[in-house]
Amino acid sequence: MSGSNVEVEEKAASKQCSQVQVNEYKENENSDYTSLRPVHTTSGKTAKVYLSPFSLSNTKLFKLSRSPFENNSYDAVSRKKTGRKKTCREVLTSKMKTVSSKAESLLLKPPSDAGTESTKLEPKNTAEPVTLSVNMASSDEDSSPGLDDFSGLSPYERKRLKNIRENAKFFASLQLSESAARLRGMIKRRQQPESKRKRPKKKENEIGCRRSMRLLKVDPLGVPLPVAPTQPELEEEENPLLPPGPLEMIPENQDDSNGLLLKASLKTWAEMSKTSNERTEEGLSSIKSYKAKLSGMVISEATVCKVTKGAITSVALHPSEERTLVAAGAKSGQIGLWDLTQQHEDEPYAFYPHSQPVSCLYFSPSNPAHLLSLSYDGTLRCGDFSTAIFEEVYRNEGSSPSSFDFLTEDASTLLVGHWDGHLSLVDRRTPGTSYEKFFNSSMGKIRTVHVHPVSRQYFVTAGLRDVHIYDARHLNSRRSQPLISVTEHTKSIASAYFSPVTGNRVVTTCADCKLRVFDSSSVSSQIPLLTTIRHNTITGRWLTRFQAVWDPKQEDCFIVGSMAQPRRVEVFHETGKSVYSFLGECLASVCSLSVMHPTRYVLAGGNSSGRLHVFMHQESF
């Protein structure tokens, strides 16, 4: 009786379970069991599906479980031990485990074996089936070969297994494994880059090919040459300082053992200096007549000569009206004297009274037989033609002087400017070394110093970007304040000079490519700017800087070098108009510095290779 009652209860449970119609299941992470959504079927086909409730948290789809055979035997043993049959709930649980194990086996097997393994996973224990009404009118996707035998799987599981198999076929068609193997082989076969070949080290005593025998210090027969004697230490210095005191006027470029030619020349220069002061001053001529006289000045091969070895840094013309004597100071400290009247001489005289550049050169206004020269080496010397000696007037090796001018007409007192902005008053009347009084200006650097021709207590200085006018009577040893400060310049200033007769004008040369003319007729708190002339003053580092200077005969006109082609020397009026340009076939270089004769129409210009170019009238040759 008990057995029959159990069968009746199981049949009743199976009837209740068979009333649920499903075609898929949906997983819910928040629920311990699967939920089945009822679907009304339209076909009469039915399928037997063994479902059992399971927990998603405890059951993994890809976890290995016991096979269906082990489950069936395990259930039989448990029934024997309990002595009763399983309920509907237990049956559903066991069947769901069977379905899960089928899916796991399909995923673990290759897709090609899915059809063969599906027959093995079909449950054989059908003694207690639970029939559910399922829609079997599925699409062609669900009835693919190899999956129709899984009548115990839901459409979702079959669709999923079909996608897995198609993806596996797609990746197999790509042949990724073969490509990966081929790439690995290529990487293994790739050779390591060869390291750069190390150059063999040269031997210390190895003699290279095609070396001259002079460098090897051997004669043509291969015999080593004798070792040259070592030079004295004094010759190793590039510009050694000359000893203090007077120096004899001995030319460096003339082979005159007796010195007869030099003595004759010095005697001639000394005699012509006595008559140079007897000239009469002429009035200011008109621009028209002045331009006509300038047009008569020419240059020829006879008036071009190399006077010094280095670049010319200063030029001076002797005031004699009988002879044409030009002096040029060089960057090497050399002074060249060229007398154009003595045509029989091959080359001019060259002396070395200084060891560094000669920045300023003047013939004395009281005695033209004296040639005063200032150098960066800190010395100021006076070359006397009558005694043939360069006397030392001033010496200060601690400060480099840049320019000087005569503070008095008799040339007894000199005003010296230094590169560091200091000023020195030098009195030549004291015996021995000249007396010096040191002053400190308000400028950081002084390039040129020029004294007013009428009111000689005033002088103008040009520095970095300032032009100052001082009163020599109010100089201070600590800091001297200028009377006038001109601030119109934007770059460094090369020079500033008063007009030669009245001093009513000041012309400046600036690196901003402008020439400026100021009105200095009334030395007051300021001097107005009259004219600005556009002029190229960029000479570069290898050429001496331009300096505009006044013509002593025509104080409203000044002369300046030019960078224009063809090469020329230009003359401007104080209003900015161009008066004349000196041109010629023999002028093929830039004349940075120019000077005009005080009474004659003679122009001398020096370039940066030590060559002098002289323009003059033909009857003066």
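Every value quoted in this text rests on a predicted model; they were computed, and no experiment measured them.

Counting secondary structure elements, the chain contains eight helices and 33 strands. Of the contacts made within the chain by residues no fewer than 6 positions apart, 55% connect residues no fewer than 24 positions apart. With an accessible surface of roughly 35,400 Å², the chain has 52% of that area assigned to carbon and sulfur atoms.

Relative to the helices and strands, threonine 544 resides in the loop between strand S26 (529-534) and strand S27 (549-551). Not counting residues within four places of it along the chain, the set of residues in contact with threonine 544 comprises Ala311, Ile312, Thr313, Thr539, Ser592, Leu593 and Ser608.

Now for unusual backbone geometry. In this structure, proline 566 follows glutamine 565 across a cis peptide bond, with omega equal to -10 degrees. Mapped onto the secondary structure, proline 566 falls in the loop between strand S28 (554-561) and strand S29 (569-573). The phi dihedral of alanine 411 is positive, around 65 degrees, even though this residue is not glycine. Here alanine 411 lies in the loop between strand S15 (401-406) and strand S16 (413-418). We classify alanine 411 as buried; its relative accessible area is 1%. For cysteine 513, which is not glycine, the phi dihedral falls at a positive 60 degrees. Mapping cysteine 513 onto the fold places it in the loop between strand S24 (505-510) and strand S25 (514-519).

Tallying each qualifying case throughout the model produces 15 aromatic pairs. For the ring pair phenylalanine 404 and phenylalanine 406, a centre distance of 5.8 Å and an interplane angle of 80 degrees mean the geometry is edge-to-face. Each member of the pair phenylalanine 404 and phenylalanine 406 is classed as buried. Here the aromatic residues Trp269, Tyr349, Phe351, Phe385 and Phe390 are joined through ring pairs into a cluster of three or more. A cation over an aromatic ring shows up here: lysine 553 above the ring of tyrosine 601, its NZ or CZ 4.7 Å from the ring centre.

This brings us to the pairing of S15. For S15, a buried count of six out of six residues is recorded, marking the element as mostly surrounded by other parts of the structure. Pairing between S15 and S16: five bridges, direction antiparallel. Counterpart to serine 403 in the pairing with S16 is glycine 417. What sits between the antiparallel neighbours S15 and S16 is a turn of six residues, in which alanine 411 has the positive phi angle 65 degrees.

What follows deals with the pattern of salt bridges. Scanning all chains against the criterion turns up 11 salt bridges. Aspartate 427 is the salt-bridge partner of arginine 429, the closest N and O atoms lying 3.0 Å from each other. Taking the relative accessible area as the measure of exposure, arginine 429 reaches 61% and is therefore exposed. Within this structure, Arg381, Glu392, Arg395 and Glu397 form a network of salt bridges that share partners.

The next thing to look at is the environment of alanine 316. Within the fold, alanine 316 resides in strand S7 (residues 312-317). Separated by 281 residues in the primary sequence, alanine 316 and histidine 597 have C-alpha atoms spaced 8.8 Å apart. In this view, alanine 316 contacts Leu325, Val326, Ala327, Leu361, Phe363 and Val595; residues no more than four positions away in its chain are not counted.

This part takes up the environment of proline 528. Looking at where proline 528 falls in the secondary structure, it is placed in the loop between S25 and S26. Considered as a pair, proline 528 and phenylalanine 518 are 10 residues apart in the sequence and their alpha carbons are 5.7 Å apart.

Ranked by size, the top nonpolar core spans 21 residues in total, and within it Trp269, Leu337 and Phe385 carry the most contacts. Of all the secondary-structure elements, those providing two or more residues to this core are helix H7 (260-275), strand S8 (325-330), strand S9 (335-339), strand S10 (349-351) and strand S11 (358-363). Here the element with the most residues in this core is H7; it accounts for five residues. Those residues in contact with leucine 337, other than ones at most four positions away along the chain, are Trp269, Val307, Leu325, Val326, Ala327, Pro348, Tyr349, Phe351, Leu371 and Phe385. Listed in part, the 18 residues of the second largest apolar core include Tyr290, Val304, Val579 and Phe615.

An order of S19-S20-S21-S22 is seen for the four strands of this open sheet, with the pairing classed as antiparallel. The two strands at the open ends of the sheet, each matched to only one other strand, are strand S19 (448-451) and strand S22 (484-486). When the angles between neighbouring strand axes are averaged without regard to direction, this sheet yields 20 degrees. Strand direction decides the pairing type here: strand S20 (residues 458-462) and strand S21 (residues 467-471), joined by five bridges, are antiparallel. Bridging across to S21, phenylalanine 459 finds its partner in tyrosine 470.

Moving on, we get to the sheet that holds strand S33 (residues 611-616). Spatially, four strands are ordered S6-S33-S32-S31 in an open sheet, and the strand pairing comes out antiparallel. Each end of this open sheet is capped by a strand with a single partner; those strands are strand S6 (304-306) and strand S31 (593-596). Neighbouring strand axes in the sheet, compared pairwise and without regard to direction, differ in orientation by 20 degrees on average. Note that S31 and strand S32 (residues 602-606) share four bridges and pair antiparallel. Note on S32: the bridge partner recorded for methionine 596 is leucine 603.

About the criteria used
- Residues numbered from 1 in each chain as written.
- Predicted model: local features only at pLDDT ≥ 70, side-chain atom pairs only at ≥ 80, totals over all residues.
- Heavy atoms only, no water.
- Helix = DSSP H or I, 4+ residues; strand = E, 2+ residues; numbered from the N terminus.
- Contact = heavy atoms within 4.5 Å.
- Areas by Shrake-Rupley, 256 points an atom, 1.4 Å probe, with all protein chains shown as cover.
- Buried < 20%, exposed > 50% of the residue type's maximum accessible area, 1.4 Å probe, protein only.
- Phe/Tyr/Trp six-rings, centres within 6.5 Å; stacked < 30°, edge-to-face > 60°.
- Lys NZ or Arg CZ within 6 Å of the ring centre and 35° of its normal.
- Pairing = 2+ DSSP bridges.
- Salt bridge = Lys/Arg side-chain N within 4 Å of Asp/Glu carboxyl O.
- Core = buried A, V, L, I, M, F, W, Y, C linked by side-chain atoms within 4.5 Å.
- Axes fitted to C-alpha atoms, helices over the stretch in contact; angles between N-to-C directions.

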